[in-house]
There are 2 protein chains.
Amino acid sequence: MELLEGLLTRRSVRTFTPEPVSRGQVLEILRAGSWAPSGLNNQPWRFAIVFDAAVRGRLAQLTRYGRVIEAAPVCLPVFMDREVGYHEVKDHQSIGACIENLLLAAHAQGLGAVWLGEILKSAAEVREVLGLPANLELMAVVAVGYPKGAVKAPARRKLSELIVKEL
Amino acid sequence: MELLEGLLTRRSVRTFTPEPVSRGQVLEILRAGSWAPSGLNNQPWRFAIVFDAAVRGRLAQLTRYGRVIEAAPVCLPVFMDREVGYHEVKDHQSIGACIENLLLAAHAQGLGAVWLGEILKSAAEVREVLGLPANLELMAVVAVGYPKGAVKAPARRKLSELIVKEL
């Protein structure tokens, strides 16, 4: 798939077939994430990989979108390492850039993925389920699998609404 | 260029040839940005397009990296519309995802781009130079042009350092 086409055709995929995702595919996804830009090149992103269905079941209870986490063959909780953070806004932005790379790298491999943010309300519990230290702040969970069914493109504002000035 | 290859080969480009960038190329870049994911699909990103050299000169005075803004044929200040924001962290993350799409869409077209964040210290002055209202909060300036010279890949942490748990 072409890069520009990939940027325009990525969609949030919330239903998955049972077909498994390999560890190699996951590592390709994370490698793409690791090439996101970050301020001062601080690379604040950290990743967990959760294939285990029982652990996914426990994570699923921590969000309204638990069925997505249960249905996806693999979930990737994304964290920010507070020990390397330097600027709250810029660190959160670069984590967002990293997550976009994860989603695009899934798309590139014919996989579907969705960025789950509502689970941030349960950040402490997610860390507890995964047994992770307090310097790792939950930023999102990305659910990945083979898409099941068609995904409709959500509405987008017109470019003319988004361009506030041209000089 | 293939999507996965594009994710791995995008670099921050800070020096540019004088060759102009067309309005059509800029719109392709912004269109890709508009397809980033956002929480509740709130699409909080807004864009300015600055070709004008005199305006770029004024913006250049507001950051330590002014020479990049002066050398780039076009600069794209990116804003968050506070009126549609709903969650500080998630809005900043989705703006980061949008900026990553801008950088990747430049790369896809053979252009180079760099994400400038240091200018956030001068957010109010940037808004003043561009004559924009206070609900638009500066998030970054993306400088775009044809790359001049080679760009070295900055160091990246190994994947094994980034994966904090596998279950």
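Everything that follows concerns the structure shown earlier in this document.
Residues numbered from 1 in each chain as written. Chains lettered and ligands numbered in written order. Predicted model: local features only at pLDDT ≥ 70, side-chain atom pairs only at ≥ 80, totals over all residues. Heavy atoms only, no water.

K.L.:
I'm lost on the relation of the copies chain B and chain A in this one. Help?
P.N.:
One copy of the chain maps onto the second through a rotation about an axis and a displacement along it. Of the transformation placing chain B onto chain A, the axial shift is 0.0 Å and the rotation is 180°, giving an RMSD of 0.0 Å. Here the transformation between the copies is reduced to the relation of a two-fold axis. Mapped onto chain A, 100% of the interface residues of chain B again fall at the interface, so both copies present the same surface. (Least-squares fit on C-alpha atoms with pLDDT ≥ 70 in both. Contact = heavy atoms within 4.5 Å.)

K.L.:
Can you help me understand the interface of chain B and chain A in this one?
P.N.:
Think of interface size as the accessible area that goes away when the parts come together; that is how it is often given. Counting residues at the interface gives 70 residues for chain B and 70 residues for chain A. When residues of chain B are sorted by the area they lose upon contact with chain A, Leu3(B), Trp35(B) and Leu167(B) head the list and together hold 13% of the total. Here chain B and chain A share two salt bridges between them. Remark: the boundary between chain B and chain A carries 44 residue pairs in polar contact (both at pLDDT 80 or more). Contributions of two or more residues to the side of chain B that touches chain A are made by helix 1 (3–9), helix 2 (23–34), strand 1 (45–49), helix 5 (88–108), strand 4 (136–145), helix 7 (159–162) and strand 5 (163–166) of chain B. In terms of residues, the side of chain B that touches chain A owes the most to one element, helix 5 of chain B, which gives 15 residues. By residue class, the composition of the side of chain B that touches chain A is 41 nonpolar, 13 polar and 16 charged. As paired elements, strand 5 (residues 163–166) of chain A and strand 1 of chain B share three bridges and run parallel to each other. Each bridged residue has a counterpart across the sheet, and for Ile163(A) the counterpart in strand 1 of chain B is Phe47(B). (Buried area = accessible area lost by both parts, 1.4 Å probe. Salt bridge = Lys/Arg side-chain N within 4 Å of Asp/Glu carboxyl O. Polar contact = N/O pair within 3.5 Å; in protein donor to acceptor, adjacent residues only side chain to side chain. Helix = DSSP H or I, 4+ residues; strand = E, 2+ residues; numbered from the N terminus. Nonpolar A, V, L, I, M, F, W, Y, C, P; charged D, E, K, R; others polar. Pairing = 2+ DSSP bridges.)

K.L.:
It is not clear to me how helix 2 (residues 23–34) of chain A should be interpreted in this structure. Could you clarify?
P.N.:
Residues lying three or four places apart along an α-helix face the same way, a consequence of the helix completing one turn every 3.6 residues. In this model, helix 2 of chain A (12 residues) spans 16 Å end to end at C-alpha, consistent with the 16 Å of a helix rising 1.5 Å per residue. The complete set of buried residues in helix 2 of chain A reads Gln25(A), Val26(A), Ile29(A), Leu30(A), Ala32(A), Gly33(A) and Ser34(A). (Expected span 1.5 Å × (residues − 1). Buried < 20%, exposed > 50% of the residue type's maximum accessible area, 1.4 Å probe, protein only.)

K.L.:
For this particular structure, what's the right way to read the packing of helix 3 (residues 53–60) of chain B against helix 6 (residues 123–130) of chain B?
P.N.:
For any two helices packed against each other, the geometry comes down to the angle between their axes and how far apart the axes lie. All names here are of chain B. The geometry of helix 3 relative to helix 6 is characterised by a closest axis approach of 10 Å and an angle of 165° between their N-to-C directions. Here helix 6 runs roughly antiparallel to helix 3, going by the angle between their axes. Helix 6 is crossed by helix 3, and the crossing has right-handed handedness. Residues Val55, Arg58 and Leu59 of helix 3 touch helix 6, and the partners they reach there are Val126, Val129 and Leu130. (Axes fitted to C-alpha atoms, helices over the stretch in contact; angles between N-to-C directions. Parallel < 35°, antiparallel > 145°, perpendicular 65-115°, else oblique. Left-handed = near helix turned anticlockwise from the far one by under 90°.)

K.L.:
What am I meant to see in the sheet that holds strand 5 of chain A here?
P.N.:
In a beta sheet, neighbouring strands are held together by backbone hydrogen bonds and run either parallel or antiparallel to one another. Ordered in space as 5(A)-1(B)-2(B)-4(B)-3(B), the five strands form an open sheet in which the pairing is mixed. The open sheet has two edge strands, strand 5 of chain A together with strand 3 (112–116) of chain B, and neither has a second partner. Adjacent strand axes in the sheet meet at a mean angle of 20° when their direction is disregarded. In this sheet, strand 4 of chain B lies alongside strand 2 (residues 74–81) of chain B in antiparallel orientation, the contact comprising eight bridges. Paired with Asp81(B) across the strands is Leu136(B), a residue of strand 4 of chain B. Helix 5 of chain B contacts strand 1, strand 2, strand 3 and strand 4 of chain B of the sheet and is inclined by roughly 15° relative to strand 4 of chain B.

K.L.:
What exactly am I supposed to notice about the sheet that holds strand 1 (residues 45–49) of chain A here?
P.N.:
Taking strand neighbours across the sheet as the criterion, the five strands line up as 3(A)-4(A)-2(A)-1(A)-5(B) in an open arrangement whose pairing is mixed. Where the open sheet ends on each side, the last strands, each with one partner, are strand 3 (112–116) of chain A together with strand 5 of chain B. Shown here is a sheet whose adjacent strand axes are inclined to one another by a mean of 20°, direction ignored. Relative to strand 1 of chain A, helix 2 of chain A is tilted by about 170°, and along the sheet it contacts strand 1, strand 2 (74–81) and strand 4 (136–145) of chain A together with strand 5 of chain B.

K.L.:
Looking at this model, I keep getting lost on the packing of helix 2 of chain B against helix 5 of chain B. Mind explaining?
P.N.:
All names here are of chain B. Interaxial distance between helix 2 and helix 5 falls to 7 Å at its minimum, and their mutual angle equals 145°. When you trace helix 2 past helix 5, the crossing you get is right-handed. Of the residues in helix 5, those touching helix 2 at Glu28, Ile29, Leu30, Ala32 and Gly33 are Cys98, Asn101, Leu102, Ala105 and Ala106.

K.L.:
Explanation requested: the pattern of salt bridges in the structure shown.
P.N.:
Residues and elements named next belong to chain A. Tallied over the entire structure, the rule returns 12 salt bridges over all chains. A salt bridge links Glu137 to Arg82; the nearest nitrogen and oxygen atoms lie 2.6 Å apart. Of the two residues, Glu137 sits in strand 4 while Arg82 sits in the loop between strand 2 and helix 5 (88–108), which places them 55 residues apart along the sequence. Note on Arg82: relative accessible area 43%, which makes it partly exposed. Members of the salt-bridge network, linked through shared partners, are Arg64, Glu118 and Lys121.

K.L.:
Help me out: how do you make sense of helix 6 of chain B in this one?
P.N.:
For helix 6 of chain B, the full list of buried residues reads Ala123(B), Val126(B), Val129(B) and Leu130(B). Down the axis of helix 6 of chain B, the sector holding all buried residues measures 125°, keeping them to one side. Buried-residue contacts for helix 6 of chain B involve strand 5 of chain A together with strand 1, helix 3, strand 2 and strand 4 of chain B. Among the residues trailing helix 6 of chain B, Gly131(B) stands out with phi positive, at a value near 65°. (Arc of directions from axis to C-beta.)

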